[in-house]
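What the coordinates show
What follows is each chain in one-letter form.
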Amino acid sequence: MEVERRGWIDRSCELVNSTDVGDEPKIKAKSFCISKQVVWEAYKRVRANKGAAGVDSESLTEFEFNLGKNLYRIWSRMSSGSYFPAPLRAVDIEKSGGGQRRLGIPTVSDRIAQMVVKIYLEPHVEPYFHPDSYGYRPGKSALEAVGQARIRCWRFSWVLDLDIKGFFDNIDHGLMMRALTKHTDCKWIRLYVERWLKAPMKMQNGQIIIRERGTPQGGVMTPRTQKITWHILSSRWS
């Protein structure tokens, strides 16, 4: 696996060669500057998180059979602007309080691509989030949230519990993209986030559902885009 890595990862924003006359290369730059090292790091994080296969039924183990080729394809398509996500695989799971929650499972390749964007975007948005926000935050955990709640139980005699019904399922794509634009002017990040938002959903019976609202749970970028949008909304209300 390490041998495959050396052949492609060391040169970010690599120039593409196309033969014009004889063996004389003609140099053409990629549209977007995306580091191969970041793609490799994204793969390692996705691998550590494991996860189920998407609509292509390709597991992480199967993806790794041609690891170098597959990672190069993700990098090349993202760098050239030609990357488009596959449909999400719909999976319904039981909710603890009754009913079902629908997940949208991306393919392994799409999870890696989403992780690439997360790695680039996260440092820019983290400083804006509330210090009491613990969900899906680097360096924070649910146990820390419980610890903070325990401390405050000695200071306050009341608890405020709020839940936005169907927030993931009904959020407006236009609103989410406006919120994202406030935090980054990077064209390729905005381009791919929008494509993920609009990716169709493949149901268990094979039906393809076109999505115009919502950001299904199950993807790498879903918690991050949801949190960015909630930050913008809560700032307006406060």
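For the structure itself, look to the data block above.
Report on the accompanying structure. (Residues numbered from 1 in each chain as written. Predicted model: local features only at pLDDT ≥ 70, side-chain atom pairs only at ≥ 80, totals over all residues. Heavy atoms only, no water.)

**Quick look at the overall build of the chain**
Selection rule: By the criteria applied, helices consist of DSSP H or I runs no shorter than four residues and strands consist of E runs no shorter than two, each listed in order from the N terminus. Here a residue-residue contact requires only that any non-hydrogen atoms of the pair lie within 4.5 Å. All accessible-area figures derive from a Shrake-Rupley calculation using a 1.4 Å probe, and residue coverage is judged against the displayed protein chains alone.
In terms of helices and strands, the chain carries ten helices and six strands. Contacts in the chain between residues far apart in sequence, at least 24 positions, make up 71% of those at least 6 positions apart. Element-wise, carbon and sulfur atoms account for 53% of the exposed surface of the chain, whose accessible area totals about 14,500 Å².

**Structural notes on helix 8 (residues 173-181)**
Where we set the bar: A simple rule labels every residue: compare its accessible area, found with a 1.4 Å probe on the protein chains alone, to the largest value its type can have, and call it buried under 20%, exposed over 50%, or partly exposed in between. Whenever a nitrogen or oxygen atom comes within 3.5 Å of another N or O atom, the pair is scored as a polar contact, on the condition that within protein one atom can donate a hydrogen and the other can accept it, and that pairs from neighbouring residues in sequence are kept only if both atoms are in side chains.
When helix 8 is considered as a whole, its buried residues turn out to be His173, Leu175, Met176, Met177, Ala179 and Leu180. A distance of 2.9 Å separates the backbone nitrogen of Gly174 from a side-chain oxygen at the start of helix 8, and that oxygen is part of Asp172.

**Regarding the packing of aromatic side chains**
The line we're drawing: Ring geometry is summarised as follows: Phe, Tyr and Trp rings, the Trp one being its six-membered ring, pair when their centres sit within 6.5 Å, and such pairs are stacked at plane angles under 30 degrees, edge-to-face over 60 and tilted between the two. Here, a charge over a ring is recorded when the distance from Lys NZ or Arg CZ to the ring centre is within 6 Å and its angle to the ring normal is within 35 degrees.
All told, the structure shown has seven aromatic pairs when counted by the stated rule. Judged by centre distance (6.1 Å) and plane angle (70°), the rings of Tyr83 and Trp196 are edge-to-face. In this pair, Tyr83 sits in the loop between helix 4 (67-80) and strand 3 (88-94) while Trp196 sits in helix 9 (residues 187-198), placing the two residues 113 residues apart along the sequence. Taken together through their ring pairs, the aromatic side chains of Tyr83, Tyr120, Trp188, Tyr192 and Trp196 make up a single cluster. For the cation-ring pair, Lys36 lies above Trp75, with the distance from its terminal atom to the ring centre recorded as 4.5 Å.

**Structural notes on the packing of helix 2 (residues 36-49) against helix 5 (residues 108-125)**
Worth spelling out the cut-off: Note on definitions: angles span 0 to 180 degrees between N-to-C directions of axes, and those axes are lines fitted to C-alpha atoms, for helices only across the stretch in contact. Handedness of a crossing follows from how the near helix is turned relative to the far one, being left-handed for an anticlockwise turn of less than a right angle and right-handed for a clockwise one. Classes in brief: Ala, Val, Leu, Ile, Met, Phe, Trp, Tyr, Cys and Pro nonpolar; Asp, Glu, Lys and Arg charged; the others, Gly included, polar.
Contact geometry for helix 2 and helix 5: axes closest at 8 Å, N-to-C directions at 115°. Read as a crossing pair, helix 2 and helix 5 show a hand that is right-handed. Here helix 2 contributes Val38, Val39, Glu41, Ala42, Tyr43, Arg45, Val46 and Asn49 to the contact with helix 5, which in turn contributes Arg111, Ile112, Met115, Val116, Ile119 and Tyr120. In the contact of helix 2 with helix 5, the residues fall into ten nonpolar, one polar and three charged.

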